[in-house]
Amino acid sequence: MYTPAHFAETRADVMHALMAAHPLGTLVTLTPSGLDANHIPFEIDPSATAAAPHGTLLAHVARANPVWRDLAASVDALVIFQGPQAYITPTWYVETKPAGGKVVPTWNYCVVHAHGPLLVRDDPVWLRGQLERLVHRHESTRPAPWHLSDAPADFIEKQIAAIVGIEIPITRLTGKWKVSQNRSPADRAGVVGGLAVAPDRDAAAMAGLVQATLRQI
């Protein structure tokens, strides 16, 4: 990933937070027929070990999905996590645009790339634990959370038999926060103001990220 120094994010806790907040990752693997991509919700275990210096990703896929069989074991998998993103119009550059008009549109975004070997966990005990953690995380804040035990035990056993676990010890973790750091403080303030009233889905989140760069000046 091309990452100019002013856009590089190197703090593991910040990258882990994005991965937890946006858990649907794009898993990219190399297969005999070329690159393959699958979109999978992941858990992040931030604990660092010798084999996983940047934490571990945990997930599961359908047993019918060939991703767990057809990968090149000698090549690390890549998981891409996409955070807030927004179109940035040059009309928000309140300092540079009036000074000569030499401005163009751009796109702000935050992404994390996690690399590591893909390990297969074809173990019903491991899978049940992964499912229970995943369900608890996404159900615990609901007024009436669903639990794995709410479904018949034999039904859950059949569902577990139809999936395979994936574990990816993260050996390399890179982040790119393109949030207007290359603009002047006045231009950044204009971007924050523009995003505050923009209809973009992630506008409010991106405004907060750009605002944070002003506090660091």
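Please refer to the structure placed before this passage.
**Thoughts on the pattern of salt bridges**
Phase 1: This structure, assessed with the given rule, holds seven salt bridges.
Phase 2: Measuring nitrogen to oxygen at the nearest pair gives 2.7 Å for the salt bridge that ties aspartate 122 to arginine 63. Remark: arginine 63 occurs in the loop between strand E5 (56-62) and strand E6 (77-88) and aspartate 122 occurs in the loop between strand E8 (119-121) and helix H2 (124-139); sequence separation between them is 59 residues.
Phase 3: Residue aspartate 122 is classed as partly exposed on the basis of its relative accessible area of 45%.
Phase 4: By relative accessible area, arginine 63 is classed as partly exposed at 28%.

**Re the pairing of E5**
Phase 1: In terms of residue burial, E5 counts as a mostly covered element, since five of its seven residues are buried.
Phase 2: Note: strand E4 (residues 43-45) against E5, three bridges, orientation antiparallel. Looking at E5, one finds that isoleucine 44 is bridged to leucine 57.
Phase 3: Bridge analysis of E5 against strand E9 (residues 163-169) gives seven bridges, and the strand direction is antiparallel. Within the sheet, the bridge partner assigned to valine 61 lies in E9 and is valine 164.

**Some details on the sheet that holds strand E10 (residues 172-178)**
Phase 1: With respect to topology, six strands assemble into an open sheet ordered E1-E10-E7-E6-E2-E3, the strand pairing being antiparallel. Each having just a single partner strand, strand E1 (8-9) and strand E3 (34-41) make up the two edges of the open sheet.
Phase 2: Bridge count between strand E2 (residues 24-31) and E3: eight bridges; the pairing is antiparallel. Within E3, the position partnered with valine 28 by the bridge is alanine 37.
Phase 3: On top of the sheet, helix H5 (residues 203-215) reaches E6, strand E7 (106-116) and E10; it is set at about 90° to E6, its chief contact.

**Side note on the layout of surface pockets**
Phase 1: The volume enclosed by the largest pocket comes to roughly 210 Å³.
Phase 2: Of all the secondary-structure elements, those providing two or more residues to the lining of the largest pocket are E1 and H5.
Phase 3: The leading source of residues in the lining of the largest pocket is H5, at three residues.
Phase 4: Looking at the lining of the largest pocket, its residues break down into seven nonpolar, five polar and two charged.

Definitions and cut-offs
- Residues numbered from 1 in each chain as written.
- Predicted model: local features only at pLDDT ≥ 70, side-chain atom pairs only at ≥ 80, totals over all residues.
- Heavy atoms only, no water.
- Salt bridge = Lys/Arg side-chain N within 4 Å of Asp/Glu carboxyl O.
- Helix = DSSP H or I, 4+ residues; strand = E, 2+ residues; numbered from the N terminus.
- Buried < 20%, exposed > 50% of the residue type's maximum accessible area, 1.4 Å probe, protein only.
- Pairing = 2+ DSSP bridges.
- Contact = heavy atoms within 4.5 Å.
- Axes fitted to C-alpha atoms, helices over the stretch in contact; angles between N-to-C directions.
- 1 Å grid on protein atoms, 1.4 Å probe; cavity = no way out; pocket = protein on both sides within 12 Å on 5 of 7 lines; lining within 4 Å.
- Points joined across faces, edges and corners; volume = space filled by probe spheres on them.
- Nonpolar A, V, L, I, M, F, W, Y, C, P; charged D, E, K, R; others polar.

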